[in-house]
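What the coordinates show
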Amino acid sequence: MVPPTAVESSLNFTDHPSIKSTEDPLVQQLTLKDDVTIRHNAPPPTLYEDGLLEKGTTISSTGALMAYSGKKTGRSPKDKRIVDEETSSQNIWWGPVNKQVDELTWKISRSRALDYLRTREKLFVVDAYAGWDPRYRIKVRIICARAYHALFMTNMLIRPTEEELKNFGEPDFTIYNAGQFPANTYTKGMTSSTSVEINFKDMEMVILGTEYAGEMKKGIFTVMFYLMPIKHQVLTLHSSANQGNEKGDVTLFFGLSGTGKTTLSADPNRKLIGDDEHCWSDNGVFNIEGGCYAKCLDLSQEKEPEIFNSIKFGSILENVVYDPETKLVDYNDSSITENTRCAYPIDFIPSAKIPCLADTHPTNIILLTCDASGVLPPVSKLTNSQVMYHFISGYTSKMAGTEEGVTEPQATFSACFGQPFLVLHPMKYAQQLSDKISKHNANAWLLNTGWAGASAARGGKRCPLKYTRAMLDAIHNGSLNEVEYEQFPVFNLNVPKTCPGVPSELLNPINAWSEGEASFKKEISSLAGKFVENFKKYADQATSEVQAAGPTV
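The model shown is predicted, which means the values in this text are computed figures rather than measured ones.

Scoring rules and cut-offs
Residues numbered from 1 in each chain as written. Predicted model: local features only at pLDDT ≥ 70, side-chain atom pairs only at ≥ 80, totals over all residues. Heavy atoms only, no water. Helix = DSSP H or I, 4+ residues; strand = E, 2+ residues; numbered from the N terminus. Rg over C-alpha atoms; globule rule 2.2 N^0.38 Å. Buried < 20%, exposed > 50% of the residue type's maximum accessible area, 1.4 Å probe, protein only. Lys, Arg positive; Asp, Glu negative; His and termini not counted. Charge placed at Lys NZ, Arg CZ, Asp CG, Glu CD. Pairing = 2+ DSSP bridges. Contact = heavy atoms within 4.5 Å. Axes fitted to C-alpha atoms, helices over the stretch in contact; angles between N-to-C directions. Left-handed = near helix turned anticlockwise from the far one by under 90°. Nonpolar A, V, L, I, M, F, W, Y, C, P; charged D, E, K, R; others polar. Domains from an automatic or database assignment. Buried area = accessible area lost by both parts, 1.4 Å probe. Salt bridge = Lys/Arg side-chain N within 4 Å of Asp/Glu carboxyl O. Polar contact = N/O pair within 3.5 Å; in protein donor to acceptor, adjacent residues only side chain to side chain. Phe/Tyr/Trp six-rings, centres within 6.5 Å; stacked < 30°, edge-to-face > 60°. Lys NZ or Arg CZ within 6 Å of the ring centre and 35° of its normal. Expected span 1.5 Å × (residues − 1). Core = buried A, V, L, I, M, F, W, Y, C linked by side-chain atoms within 4.5 Å. Disulfide = S-S within 2.5 Å.

**Focus on the overall build of the protein chain**
From N to C terminus, the protein chain includes 15 helices and 31 strands. Computed over C-alpha atoms, the radius of gyration of the protein chain comes to 24 Å, within 12% of the 24 Å expected from 2.2 N^0.38 for 553 residues, which places it in the range of a compact globule. With respect to the principal axes defined by its C-alpha atoms, the protein chain has extents near 75 × 55 × 45 Å. Looking at the protein chain residue by residue over its 553 residues, the buried ones come to 58%. Between the averaged position of the 55 positive side-chain charges in the protein chain and that of its 65 negative side-chain charges there is a distance of 3 Å.

This is the structure:
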């Protein structure tokens, strides 16, 4: 007979070993029936057993738990809301990113979520940390009704030791995930049955009407985008980060989907600090997460061996298509969604730096873009003002097939390369980044992994990965600081004339352009106009130096 443990019990919630007394706030919020089963910080094998009882969940041929998120297979940014309350309202960047919800609507949504969770025969509670630096980390508690959600957050957050769990105490932030239950569409301001609401006064988050696990991950990221700058003057960043094996130099990579943020930060000569979410404090850089959430579409062992080999027991595959008999996954099949994902602990990556932090400041800042117009240089060295301008702009090209209705490359802008998660005005993050670059004498670069010779729509060729890696190597070994530069027109960027391992004609797009000078001028003027038009929404808080750092139309 297996003795009962602290992670698995079938008993009244008030008797659960993680709860000290009936005065505990969590007990007061969740008065459950006597026969409820509680999984509190359950290990993966237990969550596998529970997960396999959920509809459509099974195990892949490599041992990963495969689950479906239901109708929603991606985030619902139009349904993200922040409570308009007196402690935070004056700091929030209100608008299409951060929609206001009043406190009464919050109470209705919260009550609705708790009422749903009270009806479940089984609940999952996960206690974990966000932030690898103990000086800044926050304690997070997730309460949910799906085993797959519990395993997801066990993977994505930082797992406490047994001793830390014993002394975990009250969480700093709590997520109530009642995603199987819809929001009340008759509530003020509710535009759909989905709602993801954050209350910075109560330090809680409620999820209704979506079972997509990424809402929890990005909810915590949003919280860190608020807490770190406001309370600790620590800069939160949507970036990957790595550190050199020999020199210990740190590089930050910013970039939207498809620019190479994950691929370029995975370097055999460098340790991976993290692939998505970081903070830059006065002490150095630290990862927010304890895991990775990788895209799986077209994944192969040849192209992404570290990610491919991480899909094993303990990881989660989300919304993938597989053979019902062999359980082999078809990573090329996007019939459910193009946003197929895998979530796994970061220590599944052999090159991961554990703990995921560096006590040195970044030497290089890389702003990544994938320009489908073919007119931006493959690498440029940025001034401080240019860093702020391009950081606020967050430009890349959205390629055909990435979203429904996108049939040709489209210019897209996302402030600070993470607009959906920003809480403060983008200029506040940009100024913090600029100050840190100046203080620590970091070099800043714009690295374009997009097309050359012509636009993607007119037969241009994407810059070969080997050349992009050669440019990155030249940045890391310092040789790109020693070459001669020239000024690139319109965007006024400093472009190297030579780079070791890269054909010189590739470095200046004018030299590689195949359709004549008039065609090039037309294309570059078109892109510059899009930059200028996009920046208008931030101009009211931008300095004259930053505004002047943009392209000249």
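Picking up where we left off.
**What about the sheet that holds strand β17 (residues 291–295)?**
A sheet is described by the order of its strands in space; here 5 strands give the open sequence β3-β4-β18-β21-β17, paired in mixed fashion. A single partner strand is all that each edge strand has here, and the edge strands are β3 (58–59) and β17. As paired elements, β3 and strand β4 (residues 65–67) share 2 bridges and run antiparallel to each other. Pairing of Thr58 across the sheet is with Met66, part of β4.

**Section: helix α2 (residues 44–51)**
Along α2, the positions that sit buried rather than exposed are Thr46, Leu47, Tyr48, Asp50 and Gly51. Against β2 (37–40), β3, β4, β7 (122–130) and α4 (147–156) lie the buried residues of α2.

**Concerning the packing of helix α9 (residues 384–393) against helix α10 (residues 426–439)**
The interhelical angle for the contact between α9 and α10, taken along N-to-C directions, is 145°, at an axis separation of 9 Å. Crossing angle aside, the handedness with which α9 passes α10 is right-handed. Packed against α9, whose contacting residues are Asn384, Val387, Met388, Phe391 and Ile392, the element α10 presents Pro426, Met427, Tyr429, Ala430, Gln431, Leu433, Ser434, Ile437 and Ser438 at the interface. Considered class by class, the residues forming the contact of α9 with α10 number 10 nonpolar, 4 polar and no charged.

**Concerning the domain arrangement of the protein chain**
Split by domain assignment, the protein chain resolves into domain 1 (19–55 + 76–232), domain 2 (235–281 + 361–549) and domain 3 (293–348). Measuring from the centre of the C-alpha atoms in domain 1 to the corresponding centre in domain 3 gives 26 Å. Listed as interface residues are 13 residues of domain 1 and, on the opposing side, 14 residues of domain 3. Both sides together, the interface formed by domain 1 and domain 3 hides about 1100 Å², and carbon and sulfur atoms give 63% of it. When the buried surface of domain 1 facing domain 3 is broken down by residue, Tyr48, Asn155 and Tyr212 rank first, second and third, together holding 45% of it. Inspection of the domain 1/domain 3 interface yields 0 salt bridges. Counting across the domain 1 and domain 3 interface gives 7 residue pairs in polar contact (both at pLDDT 80 or more). At the level of elements, α2, α4 and α6 (214–232) are the ones that each hand at least two residues to the side of domain 1 that touches domain 3. If one sorts the elements of the side of domain 1 that touches domain 3 by residue count, α4 sits on top with 5 residues. Among the residues forming the side of domain 1 that touches domain 3, the class breakdown is 9 nonpolar, 2 polar and 2 charged.

**A look at the packing of aromatic side chains**
Considering all chains together, one arrives at 24 aromatic pairs under this definition. Seen from their ring centres, Phe200 and Tyr226 are 4.1 Å apart, and the 25° between their planes marks the pair as stacked. Of this pair, Phe200 sits in the loop between β10 (195–199) and β11 (204–208) while Tyr226 sits in helix α6, and the two are 26 residues apart along the sequence. A relative accessible area of 5% places Phe200 in the buried class. A residue is classified by how much of its surface remains accessible, and Tyr226, at 6% relative accessible area, is buried. An angle of 40° between the planes, with centres 5.5 Å apart, marks the rings of Phe221 and Phe421 as tilted. Note that Phe221 is positioned in helix α6 and Phe421 in the loop between β26 (410–413) and α10, a separation of 200 residues in sequence. Take Phe221 and Phe421: they sit in the same class, and that class is buried. Ring pairs connect the aromatic residues Trp93, Tyr389, Tyr395, Phe413, Phe491, Phe531, Phe535 and Tyr538, which therefore count as one cluster. Sitting over the face of the ring of Phe421, Lys218 holds its NZ or CZ atom 4.5 Å from the ring centroid.

**Some thoughts on helix α11 (residues 465–477)**
Counted at 1.5 Å a residue, the expected span for α11 with its 13 residues is 18 Å, and the 18 Å between its end C-alpha atoms agrees. Those residues of α11 that fall on the buried side of the exposure criterion are Thr468, Ala470, Met471, Leu472, Ala474, Ile475 and His476. Phi turns positive one or two residues past the end of α11, at Gly478, with a value near 90°.

**Concerning the nonpolar core**
In terms of nonpolar packing, the biggest core is built from 129 residues, with Leu317 and Phe391 touching the most fellow members. Here this core gets 9 residues from one element, more than from any other, and that element is α6. Setting aside residues no more than four positions away along its own chain, Leu317 makes contact with Ser60, Ala64, Leu65, Met66, Ala67, Cys296, Ile311, Val329, Tyr331, Arg341 and Cys342.

**Topic: the state of the cysteines**
Taken as a whole and judged by the stated rule, the model has 0 disulfides. Cys292 carries a free sulfur, and the closest cysteine sulfur to it, the one in Cys356, is 8.0 Å from it. For Cys292, a relative accessible area of 1% puts it in the buried group. Unpaired in this structure, Cys296 has its nearest cysteine sulfur neighbour in Cys342, at a distance of 5.0 Å.

**Looking at the pairing of strand β30 (residues 485–488)**
Bridge count between β30 and strand β31 (residues 493–496): 4 bridges; the pairing is antiparallel. Along β31, the bridge assignment pairs Gln487 with Asn494.

**Considering the environment of Ala542**
By the element assignment, Ala542 lies in the loop between α14 (517–535) and α15 (544–548). Residue classification places Ala542 among the buried positions, given a relative accessible area of 11%. Counting along the chain gives 116 residues from Ala542 to Pro426, while the straight-line C-alpha distance between them is 9.7 Å. Excluding residues that lie within four positions of it along the chain, Ala542 makes contacts with Met427, Phe535 and Gln547.

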